[in-house]
Amino acid sequence: MAVTVRVPAKVNLQLAVGPVRADGYHSLVTVFHAVSLFDEVTAAAADKTAIAVTGEDAAAVPTDRSNLAWQAASALAKAAGLRGAAVRIEIRKRIPVAAGLAGGSADAAATLVACNELWQTGLSARDLAGLAASLGSDVPFALVGGTAVGRGRGEHLTAALAAGTYHWALAFGHEGLSTAQVYATCDRLRAARAAAGDQPRRGEPELSKPLMTALRSGDPAQVGPLLINDLQPAALSLQPDLRRALAAGREHGALGAIVSGSGPTCAFLASDAARARELAVALTGSGICRAVVRASGPVPGAAIVRDNQPS
Ligand code: C5P
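Residues numbered from 1 in each chain as written. Predicted model: local features only at pLDDT ≥ 70, side-chain atom pairs only at ≥ 80, totals over all residues. Heavy atoms only, no water.

Colleague: Whenever I open this one, the site of the ligand confuses me. Can you help?
Modeller: In the vicinity of the ligand, the contacting residues are Gly24, Tyr25, His26, Leu28, Gly136, Ser137, Arg153, Thr179, Ala180 and Tyr183. One of the side-chain N or O atoms of His26 is found 2.7 Å from an oxygen atom in the ligand. Within the contact set of the ligand, an oxygen atom lies 2.6 Å away from a side-chain nitrogen or oxygen of Ser137. Here the ligand has 450 Å² of accessible area as a free molecule, and 74% of this is covered by the chains. Mapped onto the shell around the ligand, the elements with two or more residues apiece are β2 (26-45) and α5 (179-195). Of all the elements, α5 adds the most residues to the shell around the ligand, at three residues. (Near = heavy atom within 4 Å. Polar contact = N/O pair within 3.5 Å; in protein donor to acceptor, adjacent residues only side chain to side chain. Areas by Shrake-Rupley, 256 points an atom, 1.4 Å probe, with all protein chains shown as cover. Helix = DSSP H or I, 4+ residues; strand = E, 2+ residues; numbered from the N terminus.)

Right under this line is the structure:
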């Protein structure tokens, strides 16, 4: 008895970071975009809960309760009133770890969907979304995928009207970045600018109307220049080499070049699939990045791909 779920990585087309809230999180407005770089999670009936991880960066992923996927299975069992429910969770990673692509959140979302099917809990999509939000800011989006606007700390989602398919080259960094550290660095940089008198008072973050209009047009040439990430200065200050990667992408014809989420992955938007391939080849050749992959979006969120249960 086993269920396998495929789940995508995300990039943020806009990430507007507001002030710190009383709970320590930042209020934000973001445009999430799910791309065709997938992890796979299999949940299988077991006597004792355990996690096994294979693939990209597997050694960097914890296999104990600190793994968000384990917490997802526990939270689901509790919500469904299943005492002592156990599951073997196998995670096959292609999304790099601590990369700004929400790979850990994706695995947690996939675990919710896989265990929900395995245990036939009868919980609704709304229940799962609530559990997802309790696990992390990016987990609810990994359930739905597509292109969506996130508010609050990222967990309140509304669908975005986006046309067309967007082709990306994703360049992975040599070392990961801690999301918490990137947000803290963003606060520090802003405080320093405010002390120097060149920071306007920061109100609540706002959705970019020009970006939303460009997304409705389906034209990557309109979208590219409007990509924006308030965490980028912080990521660049922590890993200055990322500047070179972004410049190399622009030189090789990217329509937009941006750090994805808290980084260090750099996302380069191309006009079509062939240009994305050329960009990936050129960036690989430059030797600046650890690896470069191509991906397209939007793609759907966590979805069951194999269900080996007795019907
Ligand atoms: O929600 P998640 O656990 O993925 O967030 C990881 C860290 O990123 C938080 O502990 C916090 O430091 C930072 N964060 C934030 N504001 C957000 C989302 C994340 O400060 N809206």
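Colleague: How do you make sense of the environment of Thr158 when you look at a structure like this?
Modeller: Mapped onto the elements, Thr158 comes out in strand β6 (residues 156-159). Considering only alpha carbons, one finds Thr158 and Arg65, 93 residues apart in sequence, at a separation of 31 Å. Discounting residues that sit within four places of it in the chain, Thr158 has contacts with Ala148, Val149 and Arg151. (Contact = heavy atoms within 4.5 Å.)

Colleague: Would you explain the pattern of salt bridges in this entry?
Modeller: When the charged atoms of two side chains lie near each other, side chains of opposite charge can form a pair. All chains considered together, the criterion is met by twelve salt bridges. Between Arg290 and Glu56 there is a salt bridge, with its nearest N and O atoms 3.0 Å apart. Placement of the pair is Arg290 in the loop between α10 (273-286) and β11 (291-297) and Glu56 in the loop between β3 (50-55) and α1 (68-79), with a sequence separation of 234 residues. A relative accessible area of 24% places Glu56 in the partly exposed class. The closest approach of N and O atoms between Glu90 and Arg92, which form a salt bridge, is 3.7 Å. The exposure class of Arg92 is partly exposed, given its relative accessible area of 29%. Taken together, the shared-partner salt bridges in this structure form one network comprising Glu40, Arg88, Glu90, Arg92 and Arg306. (Salt bridge = Lys/Arg side-chain N within 4 Å of Asp/Glu carboxyl O. Buried < 20%, exposed > 50% of the residue type's maximum accessible area, 1.4 Å probe, protein only.)

Colleague: What am I meant to see in the nonpolar core here?
Modeller: Across soluble globular proteins, you tend to see nonpolar side chains buried next to one another. If you look at the biggest cluster of nonpolar residues, it comprises 65 residues, and the most contacted ones within it are Trp168 and Leu170. Ranked by the residues each element gives to this core, the list is headed by helix α2 (residues 103-118), at nine residues. Among the nonpolar cores identified, the runner-up in size contains 30 residues, and Val182, Cys186, Ala245 and Cys289 belong to it. (Core = buried A, V, L, I, M, F, W, Y, C linked by side-chain atoms within 4.5 Å.)

Colleague: Which parts of the structure should I look at to understand unusual backbone geometry?
Modeller: Trans is the prevailing form of peptide bonds, just as negative phi is the prevailing case for residues other than glycine. Of note, the bond from Gly263 into Pro264 is cis; its omega dihedral lies within 30 degrees of zero at 10°. Of note, Pro264 is situated in the loop between β9 (256-259) and β10 (266-270). Geometrically, the link from Gly297 to Pro298 is a cis peptide bond, its omega value of 5° lying close to zero. Looking at the element boundaries, Pro298 is found in the loop between β11 and β12 (303-308). Unusually for a residue other than glycine, Ala98 sits at a positive phi of about 50°. By secondary structure assignment, the location of Ala98 is in the loop between β4 (87-93) and α2. Positioned with a positive phi, Gln120 is a non-glycine residue whose angle comes to about 45°. The topology assignment puts Gln120 in the loop between α2 and α3 (125-135). The exposure class assigned to Gln120 is exposed, which follows from its relative accessible area of 55%.

In short, geometric facts, not functional conclusions.
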